[in-house]
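This is what each chain is made of:
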Amino acid sequence: MSSSDIFIGEVIGTAVLILLGGGVVAAVVLKRSKAQNAGWLAITFGWGFAVMTAVYMTGSLSGAHLNPAVTVGIAIKDGDWSNVPVYFAGQLLGAMLGAFLVWIAYYGQFQAHLTDPEIVGDPAKKAVEGPHDNGGAGPVLGVFSTGPEIRVVWQNLATEIIGTAVLVLAVLTQGLNDSGKGLGVLGALITALVVVGIGLSLGGPTGYAINPARDLGPRIVHALLPLPNKGGSDWSYAWIPVVGPLVGGSLAAGIYNIAFA
């Protein structure tokens with residue numbers, strides 16, 4: 001794979017991943033969406049289908065890592081770090097592009113949601129009483145990035161490490177394509193189901209980022225978009241879904257090298 005193929009494949013694949021994954025969250029939580037209140041099952045399966053679609057689409061170009069934690073895991077496993085910066089750049093740019101496309105696709109729903117007094121409150125009342133502390137998170141931040149239900153730093157970090165370790169170990173132990181650099185066709189389906197399983201089993205505490213680019217890129221877009229009453233981007237938490245998955249991916253690679261290599 002050339003550097004240009006890797007970069008283009010990761011941009012396209014990660015953009016599709018975030019478009020479909022962020023899109024299902026928007027569909028479930030935003031006002032005036034036909035899928036509003038469809039629930040956690042819709043979100044977890046939507047993210048799984050997003051992974052499957054993106055991997056099928058771009059596996060032949062870049063190996064479809066679509067996740068810096070997967071890239072780090074494969075680099076540790078193979079001992080080859082030469083293309084890691086290219087993967088990272090494509091993944092972050094793709095995640096930002098995908099988040100921007102979610103905003104385009106749900107533009108009217110974002111406007112309706114963020115101008116609804118039931119969601120954002122009464123501006124006149126807020127001016128008198130002051131804003132309530134919600135940990136820095138805005139009313140639509142969850143469409144773009146993750147956040148904990150209970151803020152306990154060590155637990156939130158551990159949850160992301162554990163979930164990502166399961167994901168990356170699944171990637172490393174099955175379904176690699178012939179070159180050993182990414183998921184093959186069967187691996188795409190299996191990994192999509194693993195993502196669903198992680199969401200159902202481990203997604204409750206933090207929203208299971210398990211992917212630094214998936215969380216950081218859309219969080220940056222949330223901070224930049226002209227969304228009314230959007231609230232903060234919760235930067236105080238943002239390091240956890242970056243560091244946790246990278247540690248989890250590294251741990252999975254270490255387990256693979258000890259137990260399976």
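Residues numbered from 1 in each chain as written. Predicted model: local features only at pLDDT ≥ 70, side-chain atom pairs only at ≥ 80, totals over all residues. Heavy atoms only, no water.

## Notes on helix 5 (residues 107–114)
Then comes step 1: F110, H113 and L114 are the residues of helix 5 that are buried. End-on view of helix 5: buried residues confined to an arc of 85°, all on one side of the axis.
Then comes step 2: Buried residues along helix 5 sit in contact with helix 1 (3–29), helix 4 (84–105), helix 6 (117–120) and helix 8 (141–144). (Buried < 20%, exposed > 50% of the residue type's maximum accessible area, 1.4 Å probe, protein only. Helix = DSSP H or I, 4+ residues; strand = E, 2+ residues; numbered from the N terminus. Arc of directions from axis to C-beta. Contact = heavy atoms within 4.5 Å.)

## A word on the pattern of salt bridges
Then comes step 1: In this structure the tally under the stated criterion is five salt bridges.
Then comes step 2: Close ionic contact of K31 with D116 constitutes a salt bridge, the shortest N to O distance being 3.5 Å. In this pair, K31 sits in the loop between helix 1 and helix 2 (40–62) while D116 sits in the loop between helix 5 and helix 6, placing the two residues 85 residues apart along the sequence.
Then comes step 3: Classification of D116 by relative accessible area gives buried; the value is 17%.
Then comes step 4: Overlapping salt bridges, with partners in common, bring together K31, D116 and E118 in one network. (Salt bridge = Lys/Arg side-chain N within 4 Å of Asp/Glu carboxyl O.)

## Re empty space enclosed by the protein
Then comes step 1: Under the defined criterion, the tally for this structure stands at two cavities of 30 Å³ or more.
Then comes step 2: In this structure, the largest cavity spans a volume of roughly 40 Å³.
Then comes step 3: As for the largest cavity, its lining consists of I18, G22, W47, A99, V102, V143, F144, R214 and P218.
Then comes step 4: Of all elements in the fold, only helix 1, helix 4, helix 8 and helix 11 (212–224) reach the threshold of two or more residues within the lining of the largest cavity.
Then comes step 5: Tallied by class, the residues present in the lining of the largest cavity amount to seven nonpolar, one polar and one charged.
Then comes step 6: Of the pockets and cavities examined, the second largest cavity occupies roughly 30 Å³. (1 Å grid on protein atoms, 1.4 Å probe; cavity = no way out; pocket = protein on both sides within 12 Å on 5 of 7 lines; lining within 4 Å. Points joined across faces, edges and corners; volume = space filled by probe spheres on them. Nonpolar A, V, L, I, M, F, W, Y, C, P; charged D, E, K, R; others polar.)

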